[in-house]
Amino acid sequence: MSAISLAIRSIQLTNYKNYDFRQFDLSEKINLIVGNNGLGKTNLLDALYYSCMTKSNLTSADAMVIRFGEDFFRIAANICKDEVEHFVEVKYRRQEKKEILLDRLKMERQADFIGRFPCVMITPDDHQLISGSSEQRRRFMDVTISQFSQEYLSQLMLYNKVLQQRNALLKSFYEQRRFDRSLLDVYTEKLVNAGRIISRYRMDLVHQLVPVFHQVYRQIFEGNEGVEITYDSDVQQADYAAVMAAAEQQDTQAQRTTRGIHTDDLQLELNGMPLRKIGSQGQQKTFLLSLKLAQYELLKANKGCKPLLLLDDIFDKLDPQRIAAIFRLVSSDAYGQVCITDTKEREIGVLLQENNIQSFKFIPLGQV
Ligand SMILES: Nc1ncnc2c1ncn2[C@@H]1O[C@H](COP(=O)(O)OP(=O)(O)OP(=O)(O)O)[C@@H](O)[C@H]1O
Ligand SMILES: [Mg+2]
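A brief report on the enclosed structure follows.

### A word on the overall build of the protein chain
Thought 1: When helices and strands are counted, the protein chain shows 11 helices and 14 strands.
Thought 2: Relative to a compact globule of 368 residues, whose C-alpha radius of gyration would be 21 Å, the protein chain shows 22 Å and is just as compact.
Thought 3: Viewed in the frame of its principal axes, the protein chain has a C-alpha envelope of about 70 × 50 × 40 Å.
Thought 4: Taken across its 368 residues, the protein chain has 52% of its residues classed as buried.
Thought 5: Expressed as a percentage of contacts within the protein chain between residues at least 6 apart in sequence, the contacts between residues at least 24 apart total 71%.

### Things to note about the site of ligand 1
Thought 1: Close to ligand 1 lie 16 residues, the nearest being Gly 38, Lys 41, Thr 42, Asn 43 and Ile 66.
Thought 2: In the environment of ligand 1, an oxygen atom lies 2.8 Å from a nitrogen or oxygen atom belonging to the backbone of Gly 38.
Thought 3: Note that a nitrogen atom of ligand 1 is positioned 2.9 Å from one of the backbone N or O atoms of Phe 68.
Thought 4: Out of a free accessible area of 660 Å², ligand 1 has 71% covered by protein chains.
Thought 5: Class assignment of the residues belonging to the shell around ligand 1 gives a composition of 4 nonpolar, 8 polar and 4 charged.

### Describing the sheet that holds strand β3 (residues 30-34)
Thought 1: Sheet architecture is open: 5 strands sit in the order β8-β12-β13-β3-β14, paired in parallel fashion. Edge positions in the sheet fall to β8 (119-122) and β14 (360-364), since each of these pairs with one other strand and no more. Geometrically, the sheet is characterised by an average inter-axis angle of 15° between neighbouring strands, direction not taken into account.
Thought 2: In this structure, β8 lies alongside strand β12 (residues 308-312), joined through 4 bridges in parallel fashion. Note that in β12 the partner of Ile 122 across the bridge is Leu 311.

### Focus on the pattern of salt bridges
Thought 1: Applying the stated criterion to the full structure yields 20 salt bridges.
Thought 2: Ionic pairing is found between Arg 93 and Asp 71, a salt bridge with its closest N-O pair at 3.5 Å. You can see Arg 93 sitting in strand β5 (residues 84-93) and its partner Asp 71 sitting in the loop between α1 (41-53) and β4 (72-81), a full 22 residues away along the chain.
Thought 3: A relative accessible area of 37% places Arg 93 in the partly exposed class.
Thought 4: The exposure class assigned to Asp 71 is partly exposed, which follows from its relative accessible area of 39%.
Thought 5: Here Asp 126 and Lys 292 are joined by a salt bridge, their closest N and O atoms 3.2 Å apart. Of the two residues, Asp 126 is situated in the loop between β8 and α2 (128-131) and Lys 292 in helix α9 (residues 281-303); the sequence distance between them amounts to 166 residues.
Thought 6: Each of Arg 74, Glu 89, Lys 91 and Arg 104 takes part in one network of salt bridges that share partners.

### What about the pairing of β4?
Thought 1: The sheet contact formed by strand β1 (residues 6-16) and β4 spans 8 bridges and is antiparallel. Opposite Leu 6, over in β4, you have Lys 81 as the bridge partner.
Thought 2: With 10 bridges joining them, β4 and β5 adopt antiparallel strand pairing. Following the sheet pairing, Ile 79 is matched in β5 by His 86.

### Comments concerning the packing of helix α3 (residues 134-148) against helix α4 (residues 150-176)
Thought 1: It is at 5 Å that the axes of α3 and α4 come closest, and there the two elements cross at 130°. Of the possible angle classes, the one that applies to α3 and α4 is oblique. Between α3 and α4, the contacting residues are Asp 142, Ile 145, Ser 146 and Phe 148 on the first element and Gln 150, Tyr 152, Leu 153 and Leu 156 on the second.
Thought 2: By residue class, the composition of the contact of α3 with α4 is 5 nonpolar, 2 polar and 1 charged.

### Let's talk about the environment of Lys 277
Thought 1: Mapping Lys 277 onto the fold places it in helix α8 (residues 275-278).
Thought 2: In this structure, the C-alpha to C-alpha distance between Lys 277 and Ile 130, residues 147 residues apart in sequence, is 9.5 Å.

### Points about the sheet that holds strand β11 (residues 273-274)
Thought 1: Judged by pairing direction, the sheet is antiparallel, and its 3 strands sit side by side in the order β9-β10-β11 without closing on themselves. Two strands lie at the open edges of the sheet, namely β9 (227-232) and β11, each paired on one side alone.
Thought 2: Sheet analysis places strand β10 (residues 265-270) next to β11, joined by 2 bridges and oriented antiparallel. Bridge assignment links Glu 269 to a residue of β11, and that residue is Pro 274.
Thought 3: Helix α5 (residues 181-221) contacts β9 and β10 of the sheet and is inclined by roughly 180° relative to β9.

### Quick look at the side chain of Asp 312
Thought 1: Along the chain, the position of Asp 312 falls in strand β12.
Thought 2: Buried and unpaired, Asp 312 has Lys 41 as its nearest opposite-charge partner, separated by 7.0 Å.
Thought 3: Reaching out from Asp 312, the side chain makes a polar contact with the side chain of Thr 42 at a distance of 3.0 Å.
Thought 4: Other than its neighbours up to four places away in sequence, Asp 312 contacts Thr 42, Leu 45, Ile 122, Thr 123, Pro 124 and Thr 341.

Scoring rules and cut-offs
- Residues numbered from 1 in each chain as written.
- Chains lettered and ligands numbered in written order.
- Predicted model: local features only at pLDDT ≥ 70, side-chain atom pairs only at ≥ 80, totals over all residues.
- Heavy atoms only, no water.
- Helix = DSSP H or I, 4+ residues; strand = E, 2+ residues; numbered from the N terminus.
- Rg over C-alpha atoms; globule rule 2.2 N^0.38 Å.
- Buried < 20%, exposed > 50% of the residue type's maximum accessible area, 1.4 Å probe, protein only.
- Contact = heavy atoms within 4.5 Å.
- Near = heavy atom within 4 Å.
- Polar contact = N/O pair within 3.5 Å; in protein donor to acceptor, adjacent residues only side chain to side chain.
- Areas by Shrake-Rupley, 256 points an atom, 1.4 Å probe, with all protein chains shown as cover.
- Nonpolar A, V, L, I, M, F, W, Y, C, P; charged D, E, K, R; others polar.
- Pairing = 2+ DSSP bridges.
- Axes fitted to C-alpha atoms, helices over the stretch in contact; angles between N-to-C directions.
- Salt bridge = Lys/Arg side-chain N within 4 Å of Asp/Glu carboxyl O.
- Parallel < 35°, antiparallel > 145°, perpendicular 65-115°, else oblique.
- Lys, Arg positive; Asp, Glu negative; His and termini not counted.

Shown next as structure tokens:
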């Protein structure tokens, strides 16, 4: 079965970061957003991400997205999926609730919207997946799975809420020098139920992701010796409830929940050693690109739709052969709409010509 197409035809930004008001019309295949530093290339890419995911890929605070000195922002996008045009609108005014409209219909819950327009963004910030804390790697799993499972997203939200409640309870036990077994059990059971579901999804994700990751790695970079990804979890092989029961004393002392899926991690390895410690910059970059493109493939397989691919500044430090390999890959039929930012318009133009890639559009920033 071939995947159906998805493309943002046009996007209108009002008070979105450095844009006061601007409309961009896009090609359904490759878009090259070019211009000097600071002109708004990343911001435009992030706005495209926003219109699919109803949040920024760069910041979790919607207020940061509003253009300095203004009090609201608006994004309006025409998105074509399987030859049907949709109109997406996101509005946010300081101190008010964010509004998401699909075809003029207000979405009551974010979960009702997310996943309709799958999207993968690759940015220099992805490096935090390697150098950052386990929270970054959990977020990677969460973002991926949430796009194809509403159940996952709602269980995750439930888990996080109950986790906070259980932690508050443990703190109150300590402060008030009391212990209420039955009350703690209520929260533990809720946590275990949601945690089991989340853990199963994450295990499945890694199981599906790893072979695709190896394949993509081989495809672009010719060779995948020794790269590995494994799911590292307290509760993976064990009985979840037993793990929680065994940790109870520790939890009471620490005044917080010490075990569970909120401590999960992904081990990223090169030749059996942590990638973070042993990988060269090039190897790390290669690893990340393959990981994110594997995420893309997985989303495509699960959604039956080619996600929107947003590539921010990925060519930096890559040699021309690798850049050409990436261009050939993303211009193939396996990929749908692709938006790429770069500062070097001329060099990119030459590369595209040399590789006989014709279906692209330049979007130069800086001139209106
Ligand atoms: N909330 C905001 N209001 C107004 N301007 C903002 C806001 N947030 C960021 N900016 C500005 O937007 C400008 C463009 O940033 P952006 O990161 O998109 O540039 P870029 O074209 O990607 O540059 P580079 O080539 O260096 O990556 C910056 O000058 C930044 O200060
Ligand atoms: Mg940028």
